[in-house]
Amino acid sequence: MKKVVMSLLVMALSATGVFAQRNTVLVYGTVGATSHKQVNGTKTNTFNFSPAVGYQFNDNWTAGLTLSTESANTRTSLGESKSSAFGVGPFIRYAVPLSDIFALYGQFNADVLSGKAGDVKTNGFRGTFFPAIGVNMKNGFALNFSFGGLSFASQKVKGASEKTTDFNLNLGSGASFGISKNF
């Protein structure tokens, strides 16, 4: 029951797109890659990809599905380790146009999570809410800017009874930038 309530809460609070266009399909996503090398010779390479698609019911409400995948490879003097993670879940967004160019929106994502690090498998859920500002460009394109958010995640190692939980409130730092397209 906690998972269902948390998933609904996360969906209600998330936001990703702006300038909702009634009866259109919204497509957006993120791609990221990092490489981190430490003084002791440890090197970690990470890649993530998170596409999403939603239907805009009216000028304010959009609902859809997000996917996320991440893989990491860490090399140390003792060897190499790999990890991967996958998430899928619904999102809901509410947008408020401020003018023909600017809009505020909030989006809530609720994801079911699965991961693997070596032989250790995990599963769980995550809820994320973030406020954002959208700038309408041309032909259904918008630039989206967010500055933090609120998230809760709970994960459990497969076969174990203990679980880990994470709560993150991050407003004003951790800015992100994105592009969305309405069809």
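These notes cover the structure that comes with them. Worth saying up front: this structure is predicted, and the values here are computed from it rather than measured.

### Thoughts on the overall build of the protein
Along its length, the protein carries one helix and eight strands. Its helices and strands in sequence order give the protein the pattern α-β-β-β-β-β-β-β-β, from N to C terminus. Every one of the 183 residues in the protein was classed for burial, and the buried ones make up 33%. The contacts of the protein with a sequence gap of at least 6 include a subset with a gap of at least 24, amounting to 58%. Of the roughly 10900 Å² that the protein leaves accessible, carbon and sulfur atoms contribute 63%.

### Overview of the environment of Tyr55
Tracing the sequence through the fold places Tyr55 in strand E2 (residues 43-56). The exposure class of Tyr55 is partly exposed, given its relative accessible area of 33%. C-alpha of Tyr55 to C-alpha of Leu26: the two residues are 29 residues apart in sequence and 6.1 Å apart in space. Those residues in contact with Tyr55 that lie beyond four places of it in its chain are Asn23, Thr24, Val25, Trp61, Thr62 and Ala63.

### Regarding the packing of aromatic side chains
Using the criterion set out here, one finds four aromatic pairs in the structure. Ring geometry for Tyr55 against Phe57: centres 5.0 Å apart, planes inclined by 75°, an arrangement best described as edge-to-face. You can call Phe57 partly exposed: its relative accessible area is 47%. A centroid spacing of 6.1 Å and a plane angle of 45° characterise the contact between Phe125 and Phe152, whose relative ring orientation is tilted. Placement of the pair is Phe125 in strand E6 (residues 120-136) and Phe152 in strand E7 (residues 141-157), with a sequence separation of 27 residues.

### Some points on the pairing of E2
One ladder, built from 14 bridges, connects strand E1 (residues 24-37) with E2; its direction is antiparallel. In the strand pairing of E2, Ser35 is matched with Asn45. A loop of five residues connects E1 with E2, the two strands running antiparallel in sequence, and Gly41 in this loop sits at a positive phi of about 95°. Strand direction decides the pairing type here: E2 and strand E3 (residues 61-76), joined by twelve bridges, are antiparallel. Bridge pairing in E3 links Tyr55 to Ala63. Two successive antiparallel strands, E2 and E3, enclose a turn made up of four residues.

### Notes on the pattern of salt bridges
In the structure shown here, the tally under the stated rule is two salt bridges. Two residues, Glu80 and Arg75, come together in a salt bridge whose shortest N-O distance is 3.8 Å. With a closest N to O distance of 3.2 Å, Asp111 and Arg126 form a salt bridge. Taken together, the residues span a long stretch of sequence, with Asp111 in strand E5 (residues 102-117) and Arg126 in strand E6 at a distance of 15 residues. When its relative accessible area of 6% is taken as the criterion, Asp111 is described as buried.

### Here we look at the pairing of E5
Where strand E4 (residues 79-97) lies against E5, 13 bridges are found, and the strand directions are antiparallel. The residue of E5 that forms the bridge with Val88 is Val112. Examined bridge by bridge, E5 and E6 share 16 bridges and lie antiparallel to one another. In the sheet register, Ser114 faces E6, and the bridge partner there is Asn123. In this antiparallel pair of consecutive strands, E5 and E6, the connection spans two residues, and Gly118 shows a positive phi of 65°.

Analysis parameters
Residues numbered from 1 in each chain as written. Predicted model: local features only at pLDDT ≥ 70, side-chain atom pairs only at ≥ 80, totals over all residues. Heavy atoms only, no water. Helix = DSSP H or I, 4+ residues; strand = E, 2+ residues; numbered from the N terminus. Buried < 20%, exposed > 50% of the residue type's maximum accessible area, 1.4 Å probe, protein only. Contact = heavy atoms within 4.5 Å. Areas by Shrake-Rupley, 256 points an atom, 1.4 Å probe, with all protein chains shown as cover. Phe/Tyr/Trp six-rings, centres within 6.5 Å; stacked < 30°, edge-to-face > 60°. Pairing = 2+ DSSP bridges. Salt bridge = Lys/Arg side-chain N within 4 Å of Asp/Glu carboxyl O.

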